[in-house]
Amino acid sequence: MNDMPKITDICASDITRMAGLDTGPVPSYPYYSPEYFELERENLFKRAWLTIGRVEQLPEPGSFVTKNIEIWNAPIVVTRDSKDHIQAFYNVCAHRGNQVVLEAKGKAARFSCGYHGWTYRNDGGLLGIPDEANFFSVNKKTCGLRPIATAVWEGWIFINHQPEPEVSLETYLGGFGQAFTNMVWGNATKSILFEAHLNANWKVIADAFAETYHIPCIHPATIGSTFANRVNPFSRPISAEFWGPHRQVSTFGNPDYAPPTHARVEQMAYANIDTGNVLGAAQKGAMEAFLAHPAVNPSRSQHWAVDVTWAFPNFQIDLSPGGFWSHRFWPVSPNSTRWEAEFHIPDATTARERLQQELYVARIAEILLEDVTNTERTQRGIESGAFPFMQLQDGEVMIRHSLHHVDKWVKARTVAEALA
Amino acid sequence: MVTSAAIKRTSETTDEPILPAGFEDLLEFIPDWLGESADARWDIRARHGMAEIQYFYDKMLVRSEAILSHVDQHSLTALPGPTLRLYQLLLALAQAAMAVELHRMPRAPRSPYPHKIRILRGPQPVA
C-alpha cells in the first residue's frame, strides 16, 4: 500500500486555467435558446468545416454516399469520381429541385433524377436533359450538381457551407491538424455504426462524451472499474491539450483491470485476445504504429485509457489501446440532435474473435445507452430554467472550452476573428 | 428476426436441420433467441426477464467451446444454415452476458425500453 501512487503524480491539475479559461459558472441558455441556436446555425455551422466521415466510405471510383445535413437543411451526395477526386454536392436537381440520388450509398458513373430524367455524371456535370429542345436555351454548364466546398484531412472528409470558405481546412485545423499528421488509422475500412435521434441539444450530447467525471456514477457496471480505482476514484483526467478551438483530454485507466471471476463469457471471449481495455476492438500487438504516434497518449502515461479528441465544433475522435472511434453530433433543433458513433474493428477470422467483437459491441451499446439516455433527462432539467448557470469542475474543461469557442464563433463577424 | 414459420419452410424444402447434429439440446431457444443482427440480438435480450436470460446463459455457456469448435470447421463468410443459426445463438450469449455479468438485471439501470439507439451496422462477417 505504501508504494501506491498519489493522484497528483498521475493527473494534471489546474488544466482549466492552463487553457486560459475562466473558472466561474457557465450560462445554460446556449443549450436551449432558439435565438442562440439560429446564431449557431448561421455563424458556426455555416462557417466551420464539418466532418461527414472517412474516405473509406467511398472505396473506389464511382462510390457515393448520401447524407442529410439537418443544420444546413440540405440533402447532400458525396462522390469519388473516375479521377479519384472526392467531392460533396447538394443532392438537388437543377431543374426543379428534386433529390437526385435516393440510395444511402452505392456505386454509379451517373445519376438520373427520378422526376424528369435529368442526368448527371458522378463529378457533378450535367450530362443530358430529356427534350432539351423544348427548353429556352438552358446553359448546361451552370446546371450541374451544385458543389459544396470539400477537403480531406488524414482520410476525414470535411465540408464547408461557404461557397468559398474564408479559411482553408488546413488553417481551420491549425495545430490540431499538425499534431495528428500521419496518424495510422488502423481498421478504418471496417466499422460498426450506432445512430440515435435524441431530444437534447447537440452540446448536451457532445458534453456527455467529453468528461470522465460521470463514469463511476453512470457506468458503474459497464466501465466503472476500467476508468477509476482507489487512487483515482472520480476518474480525473491525466492531461489535456488545446489547439485553438480544438482540444484533447487523456483519460485515466485502471491498469489492474481484468475480467472479474464471475464474468465467464467475457473471459471465454477474450481468451488469447488482449485489446488493452474493453473500449477498443483491436489486439494491442496490431496497433503498434498507431500507439507510437505522438498524439496518442501524448504524456506517455502508464495510466492512460483513452484520448478524447474534440475537433471543433461537433466531431470527436477517441483513441484507445485497441484503436479509434468517432462521434458526430448533428444539430436538428435547439433540443434535438442526430448522433452517430462509429467504432472501427479488425476482420474476425475465427469464431472466438467474432464472438469477442459481439461482446465488444454489446458492451459499447450498453455504455452508449447509459450515456445518451441521460442526455434527454439533462436537457429537460436545463430547459426548466431552474438554474441559469452550470457548475463545471477542472476535469470538465473540454465542455468549458467548447462553450467558450462556440460563443466566440457565434459573436464573431468573420472566421478569422473567430479563430483569432 | 427468423420466424419459426421461416425455419420450418427452409427445413421442409431442403431437408436441412434447424441446428447441426449434436446440438439438438439447444433447439428450445429457437426462434426465441435467434436474432439476425447485433441490433436484433440486443433487443431480444432486452425483452426477456432475468430468469429467462439466466437460463439461456447457463445452458449456452457450457456449450460455447463446442460451438466455437464446430463453427471453426467452416469459413465465417460461408456458414451453412444450421451452423449459422447455432452461431447466432452463441452471439446472443454476448447479450445475455451484459445482463448476467454486468448489470445483474435485464437492462442497463435507469435506461428506458424501448430506447432510441440503433446499431445500423454491426460486425461482419456473420450478421
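Note that the structure is predicted; figures quoted are calculated from it, not measured.

**Side note on empty space enclosed by the protein**
This model, assessed by the stated rule, comprises 2 cavities of 30 Å³ or more. Roughly 260 Å³ of internal volume is contained in the largest cavity. Lining the largest cavity are 22 residues; nearest its centre among them are Phe209(A), Leu279(A), Asp318(A), Trp325(A) and Asp371(A). Approximately 40 Å³ is the volume attributed to the second largest cavity. No other element matches the 3 residues that helix H2 (residues 38–47) of chain B contributes to the lining of the second largest cavity. Across the lining of the second largest cavity, the residue classes tally to 6 nonpolar, 2 polar and 3 charged.

**Things to note about the environment of Arg328(A)**
Residues and elements named next belong to chain A. On the secondary structure map, Arg 328 appears in strand E17 (residues 323–333). By relative accessible area, Arg 328 is classed as buried at 1%. In this structure, the C-alpha to C-alpha distance between Arg 328 and Asn 314, residues 14 residues apart in sequence, is 5.8 Å. In this view, Arg 328 contacts Thr 51, Ile 52, Gly 53, Gln 57, Trp 156, Asn 314, Phe 315, Arg 338, Trp 339, Glu 340 and Glu 342; residues no more than four positions away in its chain are not counted. Of note is the side chain of Arg 328, whose polar atom sits 3.1 Å from the side chain of Glu 342.

**Focus on the interface of chain A and chain B**
Contacts between the two partners involve 44 residues from chain A and, on the opposite side, 42 residues from chain B. Inspection of the region where chain A meets chain B yields 5 salt bridges. In this structure, Arg352(A) and Glu65(B) form a salt bridge, with 2.9 Å as the shortest nitrogen-oxygen distance. At the surface where chain A touches chain B, the tally comes to 24 residue pairs in polar contact (both at pLDDT 80 or more). Mapped onto the side of chain A that touches chain B, the elements with two or more residues apiece are strand E12 (191–198), helix H8 (264–269), strand E18 (336–344) and helix H10 (351–383) of chain A. Here the side of chain A that touches chain B gets 19 residues from one element, more than from any other, and that element is H10(A). Within the side of chain A that touches chain B, the residues separate by chemical class into 22 nonpolar, 9 polar and 13 charged. Both E12(A) and strand E1 (residues 118–121) of chain B contribute to a ladder of 3 bridges, which runs antiparallel. By the bridge assignment for E1(B), Glu195(A) is matched with Arg118(B).

**Here we look at the side chain of Arg63(B)**
Residue and element names in this part refer to chain B. Structurally, Arg 63 can be placed in helix H3 (residues 50–71). Within the structure, the side chain of Arg 63 is placed 2.7 Å from the backbone oxygen of Gly 22, a separation counted as a polar contact. If we ignore the near neighbours within four places in the chain, the residues touching Arg 63 are Gly 22, Phe 23, Asp 25 and Leu 26.

**Considering the layout of surface pockets**
Counted as a void, the largest pocket has a volume near 880 Å³. If you trace the largest pocket, you find 34 residues lining it, with Gln57(A), Val65(A), Lys105(A), Leu193(A) and Arg121(B) closest to the centre. Those elements giving two or more residues to the lining of the largest pocket turn out to be strand E3 (63–69), strand E6 (105–107), E12 and E18 of chain A together with E1 of chain B. The leading source of residues in the lining of the largest pocket is E3(A), at 6 residues.

**Some words on the domain arrangement of chain A**
All names here are of chain A. In terms of domains, chain A is made up of domain 1 (7–39 + 183–419) and domain 2 (50–164). Distance from the C-alpha centre of domain 1 to the C-alpha centre of domain 2: 33 Å. Each partner contributes residues to the interface: domain 1 has 19 residues there, and domain 2 has 15 residues. Buried area between domain 1 and domain 2, summed over both chains or domains, comes out near 1,400 Å², and the portion from carbon and sulfur atoms is 63%.

What counts, and where the lines are drawn
Residues numbered from 1 in each chain as written. Chains lettered and ligands numbered in written order. Predicted model: local features only at pLDDT ≥ 70, side-chain atom pairs only at ≥ 80, totals over all residues. Heavy atoms only, no water. 1 Å grid on protein atoms, 1.4 Å probe; cavity = no way out; pocket = protein on both sides within 12 Å on 5 of 7 lines; lining within 4 Å. Points joined across faces, edges and corners; volume = space filled by probe spheres on them. Helix = DSSP H or I, 4+ residues; strand = E, 2+ residues; numbered from the N terminus. Nonpolar A, V, L, I, M, F, W, Y, C, P; charged D, E, K, R; others polar. Buried < 20%, exposed > 50% of the residue type's maximum accessible area, 1.4 Å probe, protein only. Contact = heavy atoms within 4.5 Å. Polar contact = N/O pair within 3.5 Å; in protein donor to acceptor, adjacent residues only side chain to side chain. Salt bridge = Lys/Arg side-chain N within 4 Å of Asp/Glu carboxyl O. Pairing = 2+ DSSP bridges. Domains from an automatic or database assignment. Buried area = accessible area lost by both parts, 1.4 Å probe.

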